[in-house]
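Architecture and fold: a report
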Amino acid sequence: MSTTVLTPQHEARQHEAQPQAPATTPEQPYDLAGVGIGPFNLSPAALAYGVPGLRTAFCEERPAFRWHPGLLIEGTTLQVPFLADPTSPWTFLNYLHDQDRLFPFYFAERFHIRRAEYDAYCRWVSEHLPGLYFRHHIDTVRWNPDRELFEVDYAQLDADD
Ligand SMILES: Cc1cc2nc3c(=O)[nH]c(=O)nc-3n(C[C@H](O)[C@H](O)[C@H](O)COP(=O)(O)OP(=O)(O)OC[C@H]3O[C@@H](n4cnc5c(N)ncnc54)[C@H](O)[C@@H]3O)c2cc1C
């Protein structure tokens, strides 16, 4: 498996609510790094959760998870099954349980969830999963043949960026 070293491009300012991705060294690189935290990268981040010894980091330039902001037209639904690995703590059903909405959802018998709800669900996952770093813009990804690993440069963004 290829590994990854994450390097801040300049000294990043600390944000209380936005932890900085820990920089790594070639001696102790990440096993897996993701550019962007959309629905796609949220999946491997959730699957990696709890895997013993696996070091992961996912960086997103936005301040929080947002799925297609501005395009969540009211009433539109998602035609994606919400049933997934029932042993995972990050399922849609567990999200409903956490929000105390499991039984209202079941009795409503509307099993195509609203797009806005999917956005909120993914954001809930992103707020609970470790190893996700927001306000982190990835500048460069390059293969280093000598070290046989990927090097990733990032910049931590301020609230105004
Ligand atoms: C209007 C619309 C409706 C859709 N509806 C559906 C649907 O109902 N069902 C379905 O299956 N698919 C749908 N799609 C397809 C859509 O592509 C996927 O739903 C999904 O968003 C893809 O996930 P992703 O994580 O690959 O990409 P994205 O959702 O685009 O996420 C990529 C993330 O990476 C971040 N990023 C990009 N570059 C950098 C960088 N250099 N540094 C840090 N962060 C970065 C972005 O800010 C973004 O948050 C729809 C697409 C659109 C446009």
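In this text the structure is predicted, and so the values were computed from the model without any measurement.

Quick look at the overall build of the chain
Counting secondary structure elements, the chain contains 4 helices and 6 strands. Mapped from its N terminus to its C terminus, the chain presents α and β elements in the order β-β-α-β-α-α-α-β-β-β. Dimensions along the principal axes, computed over C-alpha positions, put the chain at roughly 55 × 35 × 25 Å. Considering the chain as a whole, with its 161 residues, one finds that 20% of them fall into the buried category. A separation threshold of at least 6 residues defines the contact pool for the chain, and within that pool the share at least 24 residues apart is 71%.

So, the sheet that holds strand β3 (residues 56-59)
The strand order across the open sheet formed by 3 strands is β2-β3-β4, and the pairing between neighbours is parallel. Each edge of the open sheet carries a strand with a single partner, namely β2 (32-35) and β4 (132-133). Pairing between β3 and β4: 2 bridges, direction parallel. Residue pairing for β4: F58 is matched across the bridge by L132. Of the strands in this sheet, β2, β3 and β4 are in contact with helix α1 (residues 39-48), which crosses β2 at around 155 degrees.

Here's the deal with the site of the ligand
Around the ligand there are 18 residues in total, and G36, G38, F40, E61 and I138 lie nearest to it. Counting residues per element, the shell around the ligand draws most heavily on α1, which supplies 3 residues. Class assignment of the residues belonging to the shell around the ligand gives a composition of 10 nonpolar, 5 polar and 3 charged.

Cut-offs applied
- Residues numbered from 1 in each chain as written.
- Predicted model: local features only at pLDDT ≥ 70, side-chain atom pairs only at ≥ 80, totals over all residues.
- Helix = DSSP H or I, 4+ residues; strand = E, 2+ residues; numbered from the N terminus.
- Buried ≥ 20, exposed ≤ 12 C-beta atoms within 10 Å, placed from the backbone.
- Contact = placed C-beta atoms within 7 Å.
- Pairing = 2+ DSSP bridges.
- Axes fitted to C-alpha atoms, helices over the stretch in contact; angles between N-to-C directions.
- Near = placed C-beta within 6 Å.
- Nonpolar A, V, L, I, M, F, W, Y, C, P; charged D, E, K, R; others polar.

The analysis is restricted to geometry; functional conclusions fall outside its scope.
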